[in-house]
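For reference, the chains in residue letters:
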Amino acid sequence: MARSGSPGSITVLGECVADIFEDPAQSGPEGLSLRAMPGGGPANTAVALARLGTPTRFLGRFSNDTFGTLFRARLNSSGVDLTASVNAREPSTLAVADLDATGQATYTFYADGAADWQWTDHELAEATKDDAVCLHTGSLALVRQPGGSRIEDHLAQAREQATVSIDPNVRPLLVPPSVYHERLPRWCAAADILRLSEEDCGILAPGASFQEACDTWHAAGVQLVVITLGGRGALVSLDGTRVTVPAPPVVIVDTVGAGDSFTAGLLHRLAALGHLGGRLDELTLEDVTDACTFAAHVAALTCSVSGANPPWADESTLRIGAAPHLPQLGS
């Protein structure tokens, strides 16, 4: 049952990552010129939610290094509440990005011993003291140890009062697929919403059709599965009833952060429609289609600019027209 009244706040739990890109214009035989951009799936989602106008709280472990300062500045400037985050002695996580000719990014991670994975039970217990209608997590923070198992336990407590959303954001070069296969049933049992990419599906359910994969995850407990399909839109499965939502046309600069922006748009819209704050018992296919249409719009705007730079609420009509039945972003 969703909560009545105001849409409420959303808490995002996970990592910040410094995305390192080469600057070809400045590189040469004497060396590479690199630029560091604040990123990480959960942090990107928190930024996008706050920019859309959703009160957003980020639970992260920030290193005291230069990158930790960069992460805090980006989240603060986007309006994200960091009061419950942790100052950590460990280093920040780095991801060196390689963009292909289509703007698609692949990453090499430098993550061993990083601050993001060192959650303690005490830190997470302190993090439960909020009234958010939704807790979103996933990505590496949910699978890297020792913190991953502790976050799993935290989800069981959080779902007593909040909707739980998970984005696995599978990284097979950093975490063996077998680890995801073993833990995914527990995530489905804890989650109300599972948002993943078609690439994630290929790793998590090899050989299965999207429909078969959705049915397996529904049987494990998750009510809403959304599989994003890039330029082909998204497949939405609500307890086995399915619809495909198209993606708006866009000139792609790169796809960095597009999936995270989609997740933010989905959660923002579901909150505005009053569906967050517990289980999704009253969610209709019409409303989830509305929410995913909105999310696809937000993701397309992110693809139209460089890096994980999601739109602000007042940018809803720039470059891509909003669907006529949707209100402006942030409403």
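Quick summary incoming for the structure in this document. Small disclaimer: the values here were computed from a predicted structure and weren't measured. (Residues numbered from 1 in each chain as written. Predicted model: local features only at pLDDT ≥ 70, side-chain atom pairs only at ≥ 80, totals over all residues. Heavy atoms only, no water.)

Inspection of every chain in the model, using the stated rule, returns three cavities of 30 Å³ or more. In this structure, the largest cavity occupies an estimated 60 Å³ of space. Among the elements that make up the lining of the largest cavity, the one with the highest residue count is strand β5 (residues 61–63) (three residues). (1 Å grid on protein atoms, 1.4 Å probe; cavity = no way out; pocket = protein on both sides within 12 Å on 5 of 7 lines; lining within 4 Å. Points joined across faces, edges and corners; volume = space filled by probe spheres on them. Helix = DSSP H or I, 4+ residues; strand = E, 2+ residues; numbered from the N terminus.)

A complete count under the given rule lists 13 salt bridges for this structure. For D112, the salt bridge is made with R144, and the minimal N-O distance between the two is 3.2 Å. Of this pair, D112 sits in the loop between β8 (105–110) and α3 (121–127) while R144 sits in the loop between β9 (134–138) and α4 (147–158), and the two are 32 residues apart along the sequence. Residue D112 is classed as exposed on the basis of its relative accessible area of 69%. On the accessibility criterion, R144 (13% relative accessible area) is buried. In this structure, R186 engages E182 in a salt bridge whose closest nitrogen and oxygen atoms are separated by 2.8 Å. With R186 and E182 both in helix α5 (residues 177–190) and four residues apart, this pair spans about one turn of that helix. The class for R186 is partly exposed, based on a relative accessible area of 38%. (Salt bridge = Lys/Arg side-chain N within 4 Å of Asp/Glu carboxyl O. Buried < 20%, exposed > 50% of the residue type's maximum accessible area, 1.4 Å probe, protein only.)

What helix α7 (residues 210–220) keeps buried is the set A213, C214, W217 and H218. Mapping the buried residues of α7 onto a view down its axis gives an arc of 135 degrees, with all of them on the same face. Buried residues in α7 make contact with α5, β11 (193–197), α6 (198–204), β12 (224–228), β13 (234–238) and β14 (241–245). G221 sits one or two residues past α7 and shows a positive phi near 130 degrees. (Arc of directions from axis to C-beta. Contact = heavy atoms within 4.5 Å.)

Turning our eyes to something else, we now look at the side chain of R144. Within the structure, the side chain of R144 is placed 3.4 Å from the backbone oxygen of A111, a separation counted as a polar contact. Dropping the residues within four chain positions of it, R144 is found in contact with A111, D112, W117, L174 and V175. (Polar contact = N/O pair within 3.5 Å; in protein donor to acceptor, adjacent residues only side chain to side chain.)

The residue after Q145, namely P146, is reached through a cis peptide bond having omega 10 degrees. Note that P146 resides in the loop between β9 and α4. Of note in the backbone geometry, S139 takes a positive phi value of approximately 60 degrees without being a glycine. Structurally, S139 is set in the loop between β9 and α4.

The pairing of strands in a sheet comes from backbone hydrogen bonds and takes either a parallel or an antiparallel form. Read across the sheet, eight strands follow the order β4-β1-β9-β10-β11-β12-β13-β14 without closing on themselves; strand pairing throughout is mixed. Of all strands in the sheet, those bounded by a partner on one side alone are β4 (56–59) and β14. On average, each strand axis in the sheet is inclined to that of its neighbour by 15 degrees, with strand direction left out of account. The sheet contact formed by β9 and strand β10 (residues 163–167) spans five bridges and is parallel. Paired with C134 across the two strands is T163, which belongs to β10. Across the face of the sheet, helix α1 (residues 41–52) comes into contact with β1 (10–13), β4 and β9 while running at roughly 165 degrees to β4. Across the sheet, helix α9 (residues 285–303) lies against β12, β13 and β14, angled at about 25 degrees from β14, the strand it touches most. (Pairing = 2+ DSSP bridges. Axes fitted to C-alpha atoms, helices over the stretch in contact; angles between N-to-C directions.)

Right, let's talk about the environment of R72 for a bit. Considering the arrangement of structural elements, one finds R72 in helix α2 (residues 66–77). In this structure the C-alpha to C-alpha distance between R72 and L59, which are 13 residues apart in sequence, comes to 11 Å. Residues contacting R72, with those up to four places away along its chain left out, are F62, L82, V86 and N87.

Moving on, we get to the pairing of strand β2 (residues 17–22). Most of β2 sits inside the fold, with five of its six residues counted as buried. Bridging between β2 and strand β3 (residues 34–39) involves six bridges; their strand directions are antiparallel. Directly across from A18, in β3, lies its bridge partner P38.

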